[in-house]
Amino acid sequence: MVKKKNPKIPPLVEIFWEDHYSMGDDWHQPNATHETCILSAVGYLVAENELYYWVTSTYELSTGMYSSGTAVLKKCVTHFLQYAPSRKY
């Protein structure tokens, strides 16, 4: 009997963050101003480091490959929610 391998599914998250992309080329200027816009990234948390969260909306269970994602700068996060999976695969 072949034992089915259970894939590790990344956590499902919703991250609310101030839009740092909307500043365009002025993002590095210390006095840059722009209208604050709160965005929400929803999906699988596939990676993070001391600066960023990487969230993707498409995750392939058999290979661990992902696509359609965004990088969220941690210092811009206003709310971070993590959801427990509702079913096992």
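Description of the structure in this document. (Residues numbered from 1 in each chain as written. Predicted model: local features only at pLDDT ≥ 70, side-chain atom pairs only at ≥ 80, totals over all residues. Heavy atoms only, no water.)

### Notes on the side chain of E14
In this structure, E14 sits in strand β1 (residues 12-18). For E14, a relative accessible area of 17% gives the class buried. Polar side-chain contacts of E14 include one of 3.3 Å to the side chain of S40. The contacts of E14, once residues within four sequence positions are left out, are S40, A41, V42, H79, F80, L81 and Y83. (Helix = DSSP H or I, 4+ residues; strand = E, 2+ residues; numbered from the N terminus. Buried < 20%, exposed > 50% of the residue type's maximum accessible area, 1.4 Å probe, protein only. Polar contact = N/O pair within 3.5 Å; in protein donor to acceptor, adjacent residues only side chain to side chain. Contact = heavy atoms within 4.5 Å.)

### Quick look at the nonpolar core
Of all hydrophobic cores here, the largest spans 8 residues; its members are V13, I15, W17, A41, L45, Y53, V55 and V72. The set of elements that each furnish at least two residues to this core consists of β1, β2 (38-48) and β3 (52-59). With 3 residues, the single largest contributor to this core is β1. Excluding residues within four positions of it along the chain, I15 makes contact with L39, S40, A41, Y53, V55, V72, V77, H79 and F80. (Core = buried A, V, L, I, M, F, W, Y, C linked by side-chain atoms within 4.5 Å.)

### Details of the sheet that holds strand β4 (residues 66-73)
If you walk across this open sheet you meet the 5 strands as β4-β3-β2-β1-β5, and the pairing is antiparallel. Pairing within the sheet leaves two strands with one partner each, and these edge strands are β4 and β5 (77-83). Each strand of the sheet is rotated relative to its neighbour by a mean of 40°, with strand direction disregarded. Direction of pairing for β1 relative to β2: antiparallel, over a ladder of 7 bridges. Each residue of the ladder has a partner; that of V13, found in β2, is G43. (Pairing = 2+ DSSP bridges. Axes fitted to C-alpha atoms, helices over the stretch in contact; angles between N-to-C directions.)

Such coordinate-based values are descriptive only and should not be taken to indicate function.
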